[in-house]
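Reading the structure
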Amino acid sequence: ETDNIDDLNISAGNFYEQFGSGMILRSWEDKDLGINNSIRGLNAKYRINDEINITALIGNQKKGFKYSKGYIVGFDSEFDLSKITKNNSTLLMGLSYVGRNDQRTKSSFYPEMTNLISGRIDFSSNSFYSNIELLFSESLLYLIVLVHMY
């Protein structure tokens with residue numbers, strides 16, 4: 001079920017979501033491959049203005065034909081800074097957080113709650129596209145750079 005109130009969209013039930021490039025959160029379905037990792041829970045999206053969008057979610061992610069016993073929480077924010085480029089370029093910045101609590105993992109090696117944070121910048125102009133995304137977890141730091149010319 002989905003309710004829209006002005007610029008607020010709230011969904012309860014099964015949904016698909018992607019934060020940024022999908023490095024810390026991407027739920028999707030591909031029937032040909034038999035993949036469906038949808039999230040069952042609550043998803044809220046709010047468009048503050050033309051430049052700022054935020055998303056918050058909580059739910060259980062599908063694993064195979066069942067839903068996990070643990071839960072996933074997430075927050076995503078995206079800022080459109082294209083107006084400062086003063087041309088036809090697109091400049092987006094985003095910050096995301098995803099936490100996953102796995103009820104089955106009870107060990108000293110794996111934490112009960114896994115936290116991921118990412119920051120990203122997307123720039124495109126004419127036939128050029130670039131994306132830089134920085135991911136941080138409790139123990140690792142990743143830098144992903146994508147440059148694409150078309």
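Residues numbered from 1 in each chain as written. Predicted model: local features only at pLDDT ≥ 70, side-chain atom pairs only at ≥ 80, totals over all residues. Heavy atoms only, no water.

Some words on the pattern of salt bridges
Note that side chains of opposite charge can pair when their charged atoms are close. For the record, the criterion: For salt bridges, the criterion is a side-chain nitrogen of Lys or Arg within 4 Å of an Asp or Glu carboxyl oxygen. Only DSSP runs of H or I with at least four residues qualify as helices, and only runs of E with at least two residues qualify as strands; both kinds are numbered from the N terminus onward.
Evaluation of the coordinates by the stated rule reveals 5 salt bridges. Two residues, glutamate 17 and lysine 45, come together in a salt bridge whose shortest N-O distance is 3.1 Å. Placement of glutamate 17 in the loop between strand S2 (8-15) and strand S3 (29-30) and of lysine 45 in strand S5 (residues 39-47) is noted, with a sequence separation of 28 residues between them. Linked through salt bridges whose partners overlap, the residues forming this network are Asp76, Glu78 and Arg120.

Details of unusual backbone geometry
Unusually for a residue other than glycine, asparagine 126 sits at a positive phi of about 50 degrees. Structurally, asparagine 126 can be placed in the loop between strand S10 (113-125) and strand S11 (128-137).

Observations concerning the nonpolar core
Most often, soluble globular proteins have nonpolar side chains that are buried together. How we decide: Nonpolar core, defined: a set of buried Ala, Val, Leu, Ile, Met, Phe, Trp, Tyr and Cys residues in which side-chain atoms within 4.5 Å join the residues together. Throughout, exposure labels follow a simple rule: accessible area from a 1.4 Å probe, protein chains only, divided by the maximum for the residue type, with under 20% read as buried, over 50% as exposed, and the rest as partly exposed. Contact between two residues is taken to exist if any of their heavy atoms lie within 4.5 Å; hydrogens are not considered.
Residues Phe15, Phe19, Ile24, Leu25, Ile39, Leu57, Ile72, Val98 and Leu135 constitute the largest nonpolar core, which totals 9 residues. Beyond its immediate stretch of four places on either side in the chain, valine 98 contacts Phe19, Ile24, Leu25, Ile72, Val73, Gly74, Thr114, Asn115 and Leu116.

Focus on the pairing of S5
Stated formally: At least two bridges found by DSSP between two strands is the condition for calling them paired.
Both S2 and S5 contribute to a ladder of 8 bridges, which runs antiparallel. By the bridge assignment, alanine 12 is partnered in S5 with leucine 42. Across 9 bridges, the pairing between S5 and strand S6 (residues 52-63) is antiparallel. Bridging from a neighbouring strand, arginine 40 pairs with asparagine 60 of S6. Linking S5 back to S6 in an antiparallel pair, the connection comprises 4 residues.

A look at the packing of aromatic side chains
Note the threshold: Only Phe, Tyr and Trp rings take part, Trp by its six-membered ring, and two of them pair if their centres are within 6.5 Å. Stacked means planes under 30 degrees apart, edge-to-face means over 60, and tilted covers everything else. A ring has a charge above it when a Lys NZ or an Arg CZ is no more than 6 Å from the ring centre and no more than 35 degrees off the ring normal.
Within this structure, the stated rule accounts for 1 aromatic pair. Ring centres 6.4 Å apart and planes at 55 degrees place the aromatic pair phenylalanine 123 and phenylalanine 128 in the tilted group. Looking at arginine 26, its charged tip hangs above the ring of tryptophan 28, at a distance of 5.0 Å from the centre. Above the plane of the ring of tyrosine 67 lies arginine 40, whose end atom (NZ or CZ) is 4.1 Å from the centre.

Examining the side chain of asparagine 36
Convention followed: Pairs of N or O atoms within 3.5 Å make up the polar contacts considered here, provided that, within protein, one atom can donate a hydrogen while the other can accept it, and that residues adjacent in sequence are counted only when both atoms are side-chain atoms.
Inspection of the secondary structure puts asparagine 36 in strand S4 (residues 35-36). At 3.1 Å, the side chain of asparagine 36 forms a polar contact with the backbone nitrogen of serine 38. With near-sequence residues (within four places) excluded, asparagine 36 lies in contact with Tyr16, Trp28, Glu29, Lys62 and Gly64.

Things to note about the side chain of serine 38
Along the polypeptide, serine 38 turns up in the loop between S4 and S5. By relative accessible area, serine 38 is classed as buried at 2%. Excluding residues that lie within four positions of it along the chain, serine 38 makes contacts with Asn14, Phe15, Tyr16, Ser27, Asn60, Gln61, Lys62 and Tyr67.

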